[in-house]
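Residue-level structure breakdown
Chain by chain, the residues run as shown.
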Amino acid sequence: MEYFESDGLKLAFRVEGEGDPIVLAHGFASTHEVNWVATGWAQALTGAGYRIIMPDMRGHGASGKPHDAHAYTLSAMAGDLVALLDHLGEPGADLMGYSMGAMVSLVAAMEFPERFDRIVAAGVGAKLLDPKRDPGPVIEALLTAEPAGIADKGALLFRTFADQNGQDRKALAACFEAVRAPFPVDSLSRIARPVLVVAGETDVQAGAPGPLAERMPKGRAFAVPKRDHMKTVGDRAYKEAVLGFLGA
């Protein structure tokens, strides 16, 4: 792992391959290793001739982990991606994010249109358009000392994933509070770059990708057949759709 600084935080990243650069922003409670390496994405993209830039997002993995929700706005994390490009001397790159990373990627496309070319927003969909996204159950699940008592299945999934990845659960709770704030839906129409929205056909957390893609002038949607939120990540059809999009 290498390190750079953004907004006073020491953040970790890893670079592999040669060719056109693409930044990969992982999902909530994950890491670059879990989201992109273990799923075969790193191999698929480097094999296709891309230079992949994989940060551990703030609050995750080997990166700095503040416990203040104000540190985890989508704008702050989008700024981290730009700071990483600056650190590497890259004027621009393609960008792919999954789930939380997809939200960050869309905000990065809104706020830094000159730095990102093509955007893949995966693990998100129609649910992102809903202003009422209560973070309470997941925050409670992350902070409880007795995970056996977690009744909400979705919250339990996040808690189990966080524990499996050895994460700082207080940092994740602060992060989740921030990223579940209402998404800047009205700004989606400002994204002029090509955007591919991907979600699993049975992903109840993301919802269908079409309604989100329709909000962007150059948005297109792809539903991964028979996959939920967790199983979409490494799916072959998802990889094929992205490689086709990037190569078009």
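As a reminder, the structure under discussion sits directly above these lines.
Described in the following lines is the structure provided in the data block. (Residues numbered from 1 in each chain as written. Predicted model: local features only at pLDDT ≥ 70, side-chain atom pairs only at ≥ 80, totals over all residues. Heavy atoms only, no water.)

**Things to note about the overall build of the protein**
As a reminder of what qualifies: Helix and strand labels come from DSSP, where a helix needs a run of H or I of at least four residues and a strand needs a run of E of at least two; each type is numbered from the N terminus. Each radius of gyration is computed over the set of C-alpha atoms, and the globule rule expresses the reference value as 2.2 Å times the number of residues to the power 0.38. Residue contacts are counted whenever heavy atoms from the two residues lie within 4.5 Å of one another. Accessible areas in this description were obtained via Shrake-Rupley with a 1.4 Å probe; residue shielding takes into account the shown protein chains only.
For the protein, the helix and strand inventory stands at ten helices and eight strands. Whereas a compact globule of 248 residues would reach a radius of gyration of roughly 18 Å, the protein reaches 17 Å, a difference of no more than 12%. Counting only C-alpha atoms and orienting by the principal axes, one finds that the protein spans roughly 50 × 35 × 35 Å. Across the protein, every contact between residues at least 6 apart in sequence was considered, and the portion connecting residues at least 24 apart equals 75%. Accessible surface, the protein as shown: approximately 10,500 Å² in total, 51% of it carbon and sulfur.

**So, empty space enclosed by the protein**
As a reminder, the rule being used: The way it works is a 1 Å grid over only the protein atoms, where trapped points that fit a 1.4 Å probe form a cavity and open points with protein on both sides within 12 Å along at least five of seven lines form a pocket, and then any residue with an atom within 4 Å of a point lines it. Grid points are joined across faces, edges and corners, and a volume is the space filled by probe spheres set on the points. Gly counts as polar in this scheme, as do all residues outside two lists: the nonpolar Ala, Val, Leu, Ile, Met, Phe, Trp, Tyr, Cys and Pro, and the charged Asp, Glu, Lys and Arg.
What the rule picks out here adds up to one cavity of 30 Å³ or more. Here the largest cavity defines a volume of roughly 40 Å³. Surrounding the largest cavity, Phe4, Leu11, Pro55, Asp56, Met57, Arg58, Asp80 and Leu81 form its lining. By residue class, the composition of the lining of the largest cavity is five nonpolar, no polar and three charged.

**A word on the pairing of strand S1 (residues 2-6)**
Within a regular beta strand, the side chains point alternately toward one face of the sheet and then the other, so they alternate between its two faces. Here is the rule we go by: Two strands make a pair as long as DSSP finds a minimum of two bridges between them.
In terms of strand pairing, S1 meets strand S2 (residues 9-16) through five bridges, oriented antiparallel. Its bridge partner lying in S2, Ser6 is registered against Leu9. Connecting S1 to the antiparallel partner S2 that follows it, the hairpin turn spans two residues, and Asp7 within it adopts a positive phi of roughly 55°.

**As for the sheet that holds strand S8 (residues 219-224)**
As a reminder of what qualifies: Lines are fitted to the C-alpha atoms to define the axes, a helix being fitted only along its stretch in contact, and any angle between axes, read from their N-to-C directions, falls within 0 to 180 degrees.
If you trace the eight strands from one edge of the open sheet to the other, you get S1-S2-S4-S3-S5-S6-S7-S8, paired in mixed fashion. Single-partner strands in this sheet number two, and they are S1 and S8. Taken over all neighbouring pairs, the strand axes of this sheet differ in orientation by 25° on average, direction set aside. Judged from the four bridges that link them, S2 and strand S4 (residues 50-55) form a sheet pairing that is antiparallel. Each bridged residue has a counterpart across the sheet, and for Phe13 the counterpart in S4 is Pro55. The strands that helix H3 (residues 74-88) touches are S1, S2, strand S3 (20-25), S4, strand S5 (93-98) and strand S6 (116-122); relative to S1, the one it contacts most, it runs at about 120°. Packing against the sheet, helix H10 (residues 236-247) makes contact with S3, S4, S5, S6, strand S7 (195-200) and S8, and its axis sits at approximately 160° to S6.

**Topic: the packing of aromatic side chains**
Worth spelling out the cut-off: Between 30 and 60 degrees the pair is tilted, below 30 it is stacked and above 60 it is edge-to-face, where a pair is any two Phe, Tyr or Trp rings, Trp via its six-membered ring, whose centres lie within 6.5 Å. A simple rule labels every residue: compare its accessible area, found with a 1.4 Å probe on the protein chains alone, to the largest value its type can have, and call it buried under 20%, exposed over 50%, or partly exposed in between.
Scanning the model with the defined rule gives seven aromatic pairs in all. When the ring of Phe28 is compared with that of Phe176, the centres are 5.0 Å apart and the planes differ by 55°; the resulting orientation is tilted. Here Phe28, found in the loop between S3 and helix H1 (32-37), pairs with Phe176, found in helix H7 (residues 169-179); they are 148 residues apart in sequence, far enough to count as distant. Given the relative accessible area of 4%, Phe176 is considered buried. Both rings, one in Tyr98 and one in Tyr238, keep their centres 6.2 Å apart while their planes meet at 45°; by these two values the pair is tilted. In this pair, Tyr98 is assigned in strand S5 and Tyr238 in helix H10, connecting sequence segments 140 residues apart. Judged by its relative accessible area of 3%, Tyr98 is buried. An aromatic cluster is defined as three or more aromatic residues linked by ring pairs; in this entry it consists of Trp36, Trp41, Tyr98 and Tyr238.

**Examining the pairing of S3**
Within S3, five of the six residues are buried, leaving the element largely enclosed by the surrounding structure. Strand direction decides the pairing type here: S3 and S4, joined by four bridges, are parallel. When the sheet's bridge partners are listed, Pro21 is paired in S4 with Arg51. Where S3 meets S5, four bridges bridge the pair, whose relative direction is parallel. Each bridged residue has a counterpart across the sheet, and for Leu24 the counterpart in S5 is Met96.

**Brief notes about the pattern of salt bridges**
Spelled out, the test is: By definition here, a salt bridge exists when the distance from a side-chain nitrogen of Lys or Arg to a carboxyl oxygen of Asp or Glu is within 4 Å.
For the structure on display, the rule yields ten salt bridges. Note that Arg14 is salt-bridged to Glu33, the shortest N-O span being 3.0 Å. Highlighted residues: Arg14 in strand S2 and Glu33 in helix H1, separated in sequence by 19 residues. With a shortest N-O distance of 2.7 Å, Arg227 and Asp235 are connected by a salt bridge. In this structure Arg227 comes out as partly exposed when scored by relative accessible area, which is 31%. Each of Asp7, Arg58 and Asp80 takes part in a single network of salt bridges with overlapping partners.

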